Structure formats: C-alpha cells, structure tokens
Amino acid sequence: MLRLEMTHLSTPRPARATLLSRLSPLGAVAIGLVAAQPLLAGSLPRGYDALLHLYRLVQLDHLISNGILFSRWAPDLAFGYGAPLFNYYAPLLYYLAEMPRLLGLEPARALTLTLVATLIVGAVGMWGWVRDWLGWRAGLASAMACVAAPYTAFNVLHRGAFAESLALSLAPLAFWMLHRWMTARALRYGAAFTLCYAALLLSHNISALVFT
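My aim in this report is to walk through the structure given alongside it, one point at a time. Just so you know, these numbers come straight off a predicted model, no measurement behind them. (Residues numbered from 1 in each chain as written. Predicted model: local features only at pLDDT ≥ 70, side-chain atom pairs only at ≥ 80, totals over all residues. Heavy atoms only, no water.)

## Points about the environment of W133
- Within the fold, W133 resides in helix α5 (residues 107-134).
- For W133 and E106, which are 27 residues apart along the polypeptide, the C-alpha to C-alpha distance reads 41 Å. (Helix = DSSP H or I, 4+ residues; strand = E, 2+ residues; numbered from the N terminus.)

Dropping the structure here:
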C-alpha cells in the first residue's frame, strides 16, 4: 500500500503537465531574457567589432532618412571615402535595428535591443525544434544550452559578431519550420521556412553557407 501511495504521489497530474507544456514557450522567452541579462542595461557590449556595427547602423539610418532604402555604397564609411559595404555584406541586422531607431531610440540602444531580441528568437526556435522531437522539457533544456553556450556569449559580448549571432539564432527557427513543413505538409510552414531561410541568407554570409 505504501509503495502504491508513493507511486501515486510521484506521478505528475495530467492537468499540471498540460499547463506546464502550454507555458513552456514563456519559459523559452525567459531563458532568452536571462541570457540577454548583460544587455538589459541598454549599453552596447564592448566587443571588438561592436563599434563597426554601430557605424553601419548610423550609415543606414542616414541613407534611409534621405529616401535611399537600399544602397550598395556606404558614402560615409572608410574615413569618409566611402565603401561598397552592402554590395557584399549581409545587411539584415542593420535593417532590424533601424526599426526601433525609427521609433526614436538612439542607435546604440536600438542595436542592443536587436541583440536582446536575437537571443530570445534563438531560444524560442531551439525550444520549438527540439520540442517537436523530444517534448517540451527537452525543448527548454536545449533552449538553455543554445543561448548559454560559450560561443554565443563570446560572439555577443567579446567578438562583437552581431550579424553572426543573428544568423545562429535564425538557424534553429528555420530548422523548426522545415521540420513542421515536412511532417504536417502545411503550406504555412513552407512559407515560414522560406522567410526564415531568406532571413538567414541576409544575416551572415558564412553562416548561411554552413547551414545550407
């Protein structure tokens, strides 16, 4: 009798398990926020390439304010001599950061907010991809492993490889949508995968080649 009672107490209630499963997406978002904690103060990380990305965002903002939505030439970079940066460098990071910039945030804070969103997207994408295979608990564990990996923090806080960080966060989301498309055969997942893959291609050239 005692053994039966202990077994009954150790078995989670179905309603509670269902509730936790439904709340697991919020858990993934919370994991992303914890990983982004060094960025929540609003200051840009002092990585090696951090200022380069800030200069490029300021350049893009200047072009858009003059009605130029896309330019392969960055006229104010390279000490004012100009550079064909957007002719070869994937520009999605700066366009995403331009959205909060247009809402009034200063460039450094707009770029930092984009990095926070990047970590959240990476956590949610990894959670969803692994959840479809192994359940929500494994999804949360994988989301934590994804955004807490040393290379993730190294890219954001030390290297300043913000574009690569964006690509690494989009990859699990693309894999998740691809898996859904191949299993559910629903057109909406195919469209979502296409958008995620296009975003990956526009985020970081080398990462796009590796994941392809």
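Additional details are given in the paragraphs that follow.
## Some words on the pattern of salt bridges
- Taken as a whole and judged by the stated rule, the model has five salt bridges.
- Between R101 and D61 there is a salt bridge whose closest N-O contact spans 3.5 Å. Placement of R101 in helix α4 (residues 92-102) and of D61 in helix α3 (residues 50-65) is noted, with a sequence separation of 40 residues between them.
- Owing to a relative accessible area of 25%, R101 belongs among the partly exposed residues under this scheme.
- Its salt-bridge partner being E106, residue R109 comes within 3.2 Å of it at the nearest N-O pair. (Salt bridge = Lys/Arg side-chain N within 4 Å of Asp/Glu carboxyl O. Buried < 20%, exposed > 50% of the residue type's maximum accessible area, 1.4 Å probe, protein only.)

## Re the layout of surface pockets
- One number sums up the size of the largest pocket: a volume of about 150 Å³.
- Residue lining of the largest pocket: T118, L119, G122, C146, V147, A149, Y151, T152, N155, S165, L168 and S169, and that is the complete set.
- Elements represented by at least two residues in the lining of the largest pocket include exactly α5, α6 (136-147), α7 (150-159) and α8 (162-184).
- Of the residues belonging to the lining of the largest pocket, the class tally is six nonpolar, six polar and no charged. (1 Å grid on protein atoms, 1.4 Å probe; cavity = no way out; pocket = protein on both sides within 12 Å on 5 of 7 lines; lining within 4 Å. Points joined across faces, edges and corners; volume = space filled by probe spheres on them. Nonpolar A, V, L, I, M, F, W, Y, C, P; charged D, E, K, R; others polar.)

## A short note on the state of the cysteines
- Summed over the entire model, instances satisfying the criterion amount to zero disulfides.
- Free cysteine C146: the closest other cysteine sulfur is in C196, separated by 14 Å.
- On the accessibility criterion, C196 (10% relative accessible area) is buried. (Disulfide = S-S within 2.5 Å.)

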